[in-house]
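Structural description and commentary
Here is what each chain is made of, one letter per residue.
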Amino acid sequence: MRLILLGPPGAGKGTQAKMLKEQFGVPQISTGDILRQAVKDNTELGIQAKSFMDVGKLVPDEVVIGLIKERIKQDDCEAGFILDGFPRTILQAEKLSETLTEMGLAIDTVVNLEVNAEEVISRLAGRSTCPDCGGMFHEESRPPKVSGVCDGCGGLLAQREDDNAETILKRLDVYQESTAPLKQFYKKQGNLKTVSARGSVEEIFSRVLEMVK
Ligand code: AMP
């Protein structure tokens, strides 16, 4: 199973990717998570990426394309993978197709999570994540059992640095300009499936499963 989750920031790609990973036993590959870890570890990649991430801009294509090319060749990706947050530009999508073709593989399905800008803003502004296990919560729709503490691992929840009003708006602009055109790209390839990303996490998951099966 080789899957891409497409959609604006806050559509729920990360949450759905984690549920799909559990269901199908294939890795979730989130370029955002890889980059945030690199920033935390203060690696060369992290230092390079941070200035873009802090202001809601995309990290240069060549950097993320290199990351993904390396990642999908690893052994745990043999049975498939779920791409979450990649590709985000047409060039990234083209390079991904090229790499997969060279490997004799292809993307099976692109699930496009559709949600409007108003909903995205409210979701991101109320979101907190666990830096230890990646668990995601929302103050209204998915509150943790104990305020500020991850239900899964007990880690202390934090708000992402880029989940502030100004950066959220910038990320939405970037999505419209650079990432939304991917819907047309994959529609032409015949593997785009659009689902409504409104409702509970479980409702959205059952819609996603319908598309994937
Ligand atoms: P995310 O966690 O997917 O919302 O990504 C957080 C930030 O990481 C984005 O705002 C970008 O700065 C960067 N990023 C993640 N994935 C990509 C990508 N495929 N291409 C470029 N930048 C990315």
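Notes on the structure follow. (Residues numbered from 1 in each chain as written. Predicted model: local features only at pLDDT ≥ 70, side-chain atom pairs only at ≥ 80, totals over all residues. Heavy atoms only, no water.)

Some remarks on the site of the ligand
The local shell around the ligand holds 16 residues, among which Thr31, Arg36, Lys57, Gly85 and Gln92 are the closest. Between a nitrogen atom of the ligand and a side-chain N or O atom of Thr31, the distance comes to 2.8 Å. When the free accessible area of the ligand is taken as 480 Å², the share hidden by the protein chains comes to 96%. A total of four residues in the shell around the ligand trace back to one element, the largest contributor, which is helix α2 (residues 31-40). (Near = heavy atom within 4 Å. Polar contact = N/O pair within 3.5 Å; in protein donor to acceptor, adjacent residues only side chain to side chain. Areas by Shrake-Rupley, 256 points an atom, 1.4 Å probe, with all protein chains shown as cover. Helix = DSSP H or I, 4+ residues; strand = E, 2+ residues; numbered from the N terminus.)

Digging into the pattern of salt bridges
Any two side chains of opposite charge can pair, on the condition that their charged atoms come close. This structure, assessed with the given rule, holds 13 salt bridges. Between Asp54 and Lys50 there is a salt bridge; the shortest N-O distance is 2.8 Å. Here the residue Asp54 and the residue Lys50 both occupy positions in helix α3 (residues 44-54), the gap between them amounting to four residues, near one helical turn. Put simply, Arg171 and Asp162 hold a salt bridge, and the shortest N to O gap is 3.8 Å. A single burial state applies to Arg171 and to Asp162, both of which are buried. Each of the salt bridges in this network shares a partner with another, and the network as a whole consists of Arg127, Arg160, Asp162, Asp163 and Arg171. (Salt bridge = Lys/Arg side-chain N within 4 Å of Asp/Glu carboxyl O. Buried < 20%, exposed > 50% of the residue type's maximum accessible area, 1.4 Å probe, protein only.)

Describing the packing of aromatic side chains
For any pair of aromatic rings, the description consists of the separation of the ring centres together with the inter-plane angle of the planes. Under the definition given, this model contains one aromatic pair. Between Phe185 and Tyr186 the ring centres are 4.9 Å apart and the planes differ by 85 degrees, which places this aromatic pair in the edge-to-face class. In this structure, Phe185 and Tyr186 share a single accessibility class: buried. (Phe/Tyr/Trp six-rings, centres within 6.5 Å; stacked < 30°, edge-to-face > 60°.)

A short note on the environment of Glu102
Tracing the chain through its elements places Glu102 in helix α5 (residues 90-102). Residue classification places Glu102 among the exposed residues on the basis of a relative accessible area of 65%.

Concerning the state of the cysteines
What is meant by a disulfide is a covalent connection between two cysteines, made through their sulfur atoms. By the definition in use, this model includes zero disulfides. No disulfide involves Cys150; its sulfur sits 3.6 Å from that of Cys133, the nearest cysteine. Classification of Cys150 by relative accessible area gives buried; the value is 4%. Distance from the sulfur of Cys153, which forms no disulfide, to the nearest cysteine sulfur (Cys130) is 3.6 Å. (Disulfide = S-S within 2.5 Å.)

A look at the sheet that holds strand β4 (residues 109-114)
If you walk across this open sheet you meet the five strands as β2-β3-β1-β4-β7, and the pairing is parallel. Edge positions in the sheet fall to β2 (28-30) and β7 (192-196), since each of these pairs with one other strand and no more. The mean angle between the axes of side-by-side strands here comes to 25 degrees, regardless of whether they run parallel or antiparallel. Relative to β7, β4 runs parallel, the two sharing five bridges. Counterpart to Glu114 in the pairing with β7 is Ser196. Each of β2 and β3 (81-84) touches α2; the most contacted strand, β2, lies at about 60 degrees to it. (Pairing = 2+ DSSP bridges. Axes fitted to C-alpha atoms, helices over the stretch in contact; angles between N-to-C directions. Contact = heavy atoms within 4.5 Å.)

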